[in-house]
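A look at the structure
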Amino acid sequence: GNSVTQMEGPVTLSEEAFLTINCTYTATGYPSLFWYVQYPGEGLQLLLKATKADDKGSNKGFEATYRKETTSFHLEKGSVQVSDSAVYFCALEGGGNKLTFGTGTQLKVEL
Amino acid sequence: GAVVSQHPSRVICKSGTSVKIECRSLDFQATTMFWYRQFPKQSLMLMATSNEGSKATYEQGVEKDKFLINHASLTLSTLTVTSAHPEDSSFYICSAKDPGPSYEQYFGPGTRLTVT
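So, a few notes on the structure that sits alongside this text. None of the values given here were measured: they were computed from a predicted structure. (Residues numbered from 1 in each chain as written. Chains lettered and ligands numbered in written order. Predicted model: local features only at pLDDT ≥ 70, side-chain atom pairs only at ≥ 80, totals over all residues. Heavy atoms only, no water.)

1. Thoughts on the environment of F39 of chain B
To keep it simple, the criterion reads: Numbered from the N terminus, helices here are DSSP runs of H or I no shorter than four residues, and strands are runs of E no shorter than two.
Mapped onto the fold, F39 of chain B is located in the loop between strand 4 (32-38) and strand 5 (44-51). Separated by 59 residues in sequence, F39 of chain B and D98 of chain B have C-alpha atoms that sit 26 Å apart.

Structure, rendered in structure tokens:
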């Protein structure tokens, strides 16, 4: 079946540091890939997505590239801010629009 | 973006009672909604797919008689946890699928259920 593995947190960074959160997946076919963000007390929000190999999703300074050869979709941001503190979930969409999530990575950005 | 609400946000109930959780799409019609369960420090696990006007489709291992899902309108799906037990304590999250070209799922803020 489908599965998503992402790096465990928490990740603590200083403001303006570079962020990478690793995500790899196992799936049949060619699923769409997503990163969701969950701010404290709020629901999950779509951060970015990629629907086919070599696509790059980007939003709010975050980027992730769909790498079929390494089955990865790592999230990156060049300079994080305190407001980026949240939990980040990698996910893939299989048949029937069903989402399979990773375990989430908590990011804490300090001044 | 589209908004999905859940009610209540928190509920505490006694063992053996039933609890209903509502999920509403506020500014769009959702023919399909999904219910997830999230354990502490773990991923969201899909419980069931709720389709308006038809029976829900449950994932393997989810008891359909315990977790009753009703999707009676295009903006409302309900999850009823029947005869709740302490092990049912969890964070329950719904999402609604945008019927438009994006097919994006919009998530509710979740409901924290505690069974005593």
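2. Overview of the packing of aromatic side chains
Residue and element names in this part refer to chain A. Put simply, the test is: Any pair of Phe, Tyr and Trp rings, taking the six-membered ring for Trp, is counted once the centres come within 6.5 Å. Such a pair is stacked with planes under 30 degrees apart, edge-to-face with planes over 60 apart, and tilted for the rest. Think of it in three bands: with a 1.4 Å probe and only protein chains considered, a residue is buried below 20% of the maximum accessible area for its type, exposed above 50%, and partly exposed in between.
Within this structure, the stated rule accounts for 11 aromatic pairs over all chains. Residues Y36 and F101 carry aromatic rings whose centres are separated by 5.8 Å and whose planes lie at 50 degrees to one another, so their mutual orientation is tilted. Pair noted here: Y36 is in strand 5 (residues 32-38) and F101 is in strand 11 (residues 99-101), with a separation of 65 residues, a long-range link. Each member of the pair, Y36 together with F101, is buried.

3. Some points on the state of the cysteines
Note the cut-off: Disulfides are defined as pairs of cysteine sulfur atoms found within 2.5 Å of each other.
Within this structure, the stated rule accounts for 2 disulfides over all chains. Here C23 of chain A is linked by a disulfide to C90 of chain A, with a sulfur-sulfur distance of 1.9 Å. On the sign convention where negative means left-handed, the S-S torsion of about -70 degrees between C23 of chain A and C90 of chain A marks this disulfide as left-handed. Within this pair, whereas C23 of chain A is found in strand 4 (residues 23-26), its partner C90 of chain A is found in strand 10 (residues 86-93), the two being separated by 67 residues in sequence. Of the residues examined, C23 of chain A reaches a relative accessible area of 1% and is grouped as buried. One disulfide bridge connects C23 of chain B with C94 of chain B, the sulfur atoms lying 2.0 Å from each other. Taking the sign of the S-S torsion, about 80 degrees here, the bridge from C23 of chain B to C94 of chain B comes out right-handed. Pair noted here: C23 of chain B is in strand 3 (residues 19-25) and C94 of chain B is in strand 9 (residues 90-97), with a separation of 71 residues, a long-range link. Residue C23 of chain B shares its accessibility class with C94 of chain B, and that shared class is buried.

4. Regarding the sheet that holds strand 3 (residues 19-21) of chain A
All names here are of chain A. Our working definition: What makes two strands pair is DSSP finding at least two bridges between them. Helix axes use the C-alpha atoms of the stretch in contact, all axes being lines fitted to C-alpha atoms, and the angles between their N-to-C directions lie in the range 0 to 180 degrees.
A sheet is described by the order of its strands in space; here 4 strands give the open sequence 3-9-8-7, paired in antiparallel fashion. The sheet terminates laterally at strand 3 and strand 7 (56-59), the two strands that pair on one side only. Strand-to-strand twist of the sheet, defined as the mean angle between neighbouring strand axes without regard to direction, takes the value 15 degrees. Examined bridge by bridge, strand 3 and strand 9 (residues 75-77) share 3 bridges and lie antiparallel to one another. By the bridge assignment, L19 is partnered in strand 9 with K77.

5. Structural notes on the interface of chain B and chain A
Note the cut-off: In what follows, residue pairs with any heavy atoms lying within 4.5 Å of each other are defined as contacts. Buried surface area refers to the total accessible area, computed with a probe of radius 1.4 Å, that the two partners give up upon joining, counted for both partners together. One side-chain nitrogen of Lys or Arg within 4 Å of one carboxyl oxygen of Asp or Glu is enough to make a salt bridge. Under this definition, polar contacts are N or O atom pairs within 3.5 Å; protein pairs additionally need one hydrogen-donor-capable and one acceptor-capable atom, and for neighbouring residues in sequence, both atoms have to be side-chain atoms.
Opposite the 19 residues of chain B that make contact, chain A presents 15 residues. In total, about 1,300 Å² of surface goes out of reach between chain B and chain A, with carbon and sulfur atoms giving 55% of it. Taken together, chain B and chain A are joined by 1 salt bridge. Here E59 of chain B makes a salt bridge to K98 of chain A, at a shortest N to O gap of 2.8 Å. Between chain B and chain A we count 4 residue pairs in polar contact (both at pLDDT 80 or more) in total.

6. With respect to the sheet that holds strand 7 (residues 67-73) of chain B
Backbone-to-backbone hydrogen bonds join strands into a sheet, with any given pair of strands oriented parallel or antiparallel. Residue and element names in this part refer to chain B. Strand order in the open sheet formed by 4 strands is 1-3-8-7, with antiparallel pairing between adjacent strands. Both edges of this open sheet fall to strand 1 (4-7) and strand 7, since each of them pairs with a single strand only. Going from strand to strand, the sheet's axes swing by 15 degrees on average, the running direction of each strand aside. Relative to strand 8 (residues 76-81), strand 7 runs antiparallel, the two sharing 5 bridges. Looking at strand 8, one finds that F67 is bridged to V81.

7. What to know about the nonpolar core
Keep this limit in mind: For the purposes of this section, nonpolar cores are sets of buried Ala, Val, Leu, Ile, Met, Phe, Trp, Tyr and Cys residues that join through side-chain atoms within 4.5 Å.
Grouped together as the largest cluster of nonpolar side chains are 26 residues, with contacts concentrated most on W35, L47, L48, F73, L75 and Y88 of chain A. At the level of secondary structure, the elements contributing two or more residues to this core comprise strand 2 (11-14), strand 3, strand 4, strand 5, strand 6 (44-50), strand 8 (62-65), strand 10 and strand 12 (105-110) of chain A. Among the elements that line this core, the one with the most residues is strand 10 of chain A, at 4 residues. Apart from the residues within four sequence positions on either side, L48 of chain A is in contact with L33, F34, W35, G57, S58, N59, F62, E63, A64, F73 and L75 of chain A. With 24 residues, the next largest nonpolar core counts V11, C13, V19 and M33 of chain B among its residues.

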